[in-house]
Amino acid sequence: WTANQLYEAAKGEMDSGRYADAVGYLEKLDARYPFGKLAQQAQLDIAYSHFKDDERGLALISIDRFVKRYPNHARLDYIYYLKGLVNFNERASFLSILDKRDLSERDLRAARESFDAFRTVVTRFPTSRYAADSRQRMIYLVNAIAAGEVSVARYYFERGAYMAAANRAQEVVREYQRVPAVEQALYIMLASYEALGLEELSQGARDVMEKNFPDSALLTEGLQVSDDRRWWQVWR
């Protein structure tokens, strides 16, 4: 088959949602005509097809390979945007993971990698058609990552690892100053230091919290670890 025939076959499979079959044609095209005019487009479509087929690992490998081969490609903004989407959609929904309260370091790592990819689009390609959406996703991710860190801090707190909880919460306060999760992070710091008998640090956290969140329900009700529903209502 010619390069055009292989690409048309691949495009037909993509249009029909058969992305695995599309990848087969695209890989043949790339192998047989590596220097042809369609080879670069085929590599872009391979990455996209893996993404649509929920093959996150293969999609990221294809994306990184493309960036290394063509560091100055005209569609580099698209490939970074796609990298952001691949990690953004890790395990279907980031906040659904938070709801289940089983957030892992892997999930947070994927969110950070997604943020970095979108930031590349915004900073290196500010006039890109993908810049506006990347910026909005960055805002979402900052809030989600901070909430995830608080979820991990609370996990430590519930199990009596108070210093680990305080340190994790402190990272949120330091790194994510303007996000809703800071309220819960401050309270976990307060409660953790109190549990450790570190009265000066506990009072310092309370002072900051009372100044910034004077009406916080946490200050009056405390962290009721057995009442998950009320906890999530506080921060959402």
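The present account deals with the structure reproduced in this document. (Residues numbered from 1 in each chain as written. Predicted model: local features only at pLDDT ≥ 70, side-chain atom pairs only at ≥ 80, totals over all residues. Heavy atoms only, no water.)

Attention shifts here to the overall build of the chain. Secondary structure assignment for the chain yields 13 helices and 0 strands. Reading the secondary structure of the chain in the N-to-C direction produces α-α-α-α-α-α-α-α-α-α-α-α-α. Looking at the chain residue by residue over its 236 residues, the buried ones come to 47%. Of the roughly 12,700 Å² that the chain leaves accessible, carbon and sulfur atoms contribute 48%. (Helix = DSSP H or I, 4+ residues; strand = E, 2+ residues; numbered from the N terminus. Buried < 20%, exposed > 50% of the residue type's maximum accessible area, 1.4 Å probe, protein only. Areas by Shrake-Rupley, 256 points an atom, 1.4 Å probe, with all protein chains shown as cover.)

Turning next to the side chain of Glu13. Within the element layout of this structure, Glu13 appears in helix H1 (residues 3–15). According to the relative accessible area criterion, Glu13 is buried, its value standing at 14%. With residues near it in sequence (within four places) discarded, Glu13 still touches Arg18, Tyr19, Asp21, Ala22 and Tyr25. (Contact = heavy atoms within 4.5 Å.)

This next bit is on a nonpolar patch on the surface. Among the surface-exposed residues, Met163, Leu196, Leu198 and Leu201 lie close enough to one another that they form a single nonpolar patch of about 310 Å² accessible area. Along the chain, Met163 falls in helix H9 (residues 162–175). Owing to a relative accessible area of 39%, Met163 belongs among the partly exposed residues under this scheme. (Patch = residues over 30% accessible without salt bridge, like charges linked within 9 Å, V, L, I, M, F, W, Y side chains within 5 Å. Salt bridge = Lys/Arg side-chain N within 4 Å of Asp/Glu carboxyl O.)

Positionally, His73 belongs in the loop between helix H4 (56–69) and helix H5 (76–88). Judged by relative accessible area, His73 falls into the buried class, the value being 17%. With residues up to four places along the chain from it excluded, the contact list for His73 reads Gln40, Leu44 and Phe66.

Right, let's get into the packing of H5 against helix H8 (residues 131–158). Two numbers describe a pair of packed helices, the interaxial angle and the distance between the axes. It is the contact of H5 with H8, at a shortest axis distance of 11 Å, that shows an interaxial angle of 30°. Classified by the interaxial angle, the pair formed by H5 and H8 is roughly parallel. For the element pair H5 and H8, the recorded crossing hand is left-handed. Contacts from Tyr81, Leu85 and Phe88 in H5 reach Asp133, Ser134, Arg137, Tyr140 and Leu141 in H8. Of the residues contributing to the contact of H5 with H8, the split by class is 5 nonpolar, 1 polar and 2 charged. (Axes fitted to C-alpha atoms, helices over the stretch in contact; angles between N-to-C directions. Parallel < 35°, antiparallel > 145°, perpendicular 65-115°, else oblique. Left-handed = near helix turned anticlockwise from the far one by under 90°. Nonpolar A, V, L, I, M, F, W, Y, C, P; charged D, E, K, R; others polar.)

Another aspect to go through is helix H3 (residues 39–52). Here H3 contains 14 residues, and its C-alpha end-to-end distance of 20 Å stays within 8% of the 20 Å for a straight helix at 1.5 Å per residue. Of all 14 residues in H3, 10 are buried, a share of seventy percent or more. Looking at the buried side of H3, the elements it contacts are H1, helix H2 (19–32), H4 and H5. Once H3 finishes, Asp54 follows within two positions and takes phi at roughly 60°, a positive value. (Expected span 1.5 Å × (residues − 1).)

Attention now moves to helix H10 (residues 182–195). With 14 residues, H10 should reach 20 Å at 1.5 Å per residue; the first-to-last C-alpha distance of 20 Å fits that figure. Summarising burial for H10: 12 of the 14 residues are buried, a large majority. What H10 keeps buried is the set Val182, Glu183, Gln184, Ala185, Leu186, Tyr187, Ile188, Met189, Leu190, Ala191, Ser192 and Tyr193. After H10 finishes, the residue Gly197 shows a positive phi value of roughly 80°.

Quick look at the packing of aromatic side chains now. The geometry of an aromatic ring pair comes down to the distance between the two centres and the angle between the two planes. Using the criterion set out here, one finds 11 aromatic pairs in the structure. Each ring, one from Phe66 and one from Tyr70, has its centre 5.0 Å from the other, and the planes form 55°; the classification is tilted. Judged on exposure class, the residue Phe66 and its partner Tyr70 are both buried. An angle of 65° between the planes, with centres 5.3 Å apart, marks the rings of Phe157 and Tyr162 as edge-to-face. According to the relative accessible area criterion, Phe157 is buried, its value standing at 13%. (Phe/Tyr/Trp six-rings, centres within 6.5 Å; stacked < 30°, edge-to-face > 60°.)

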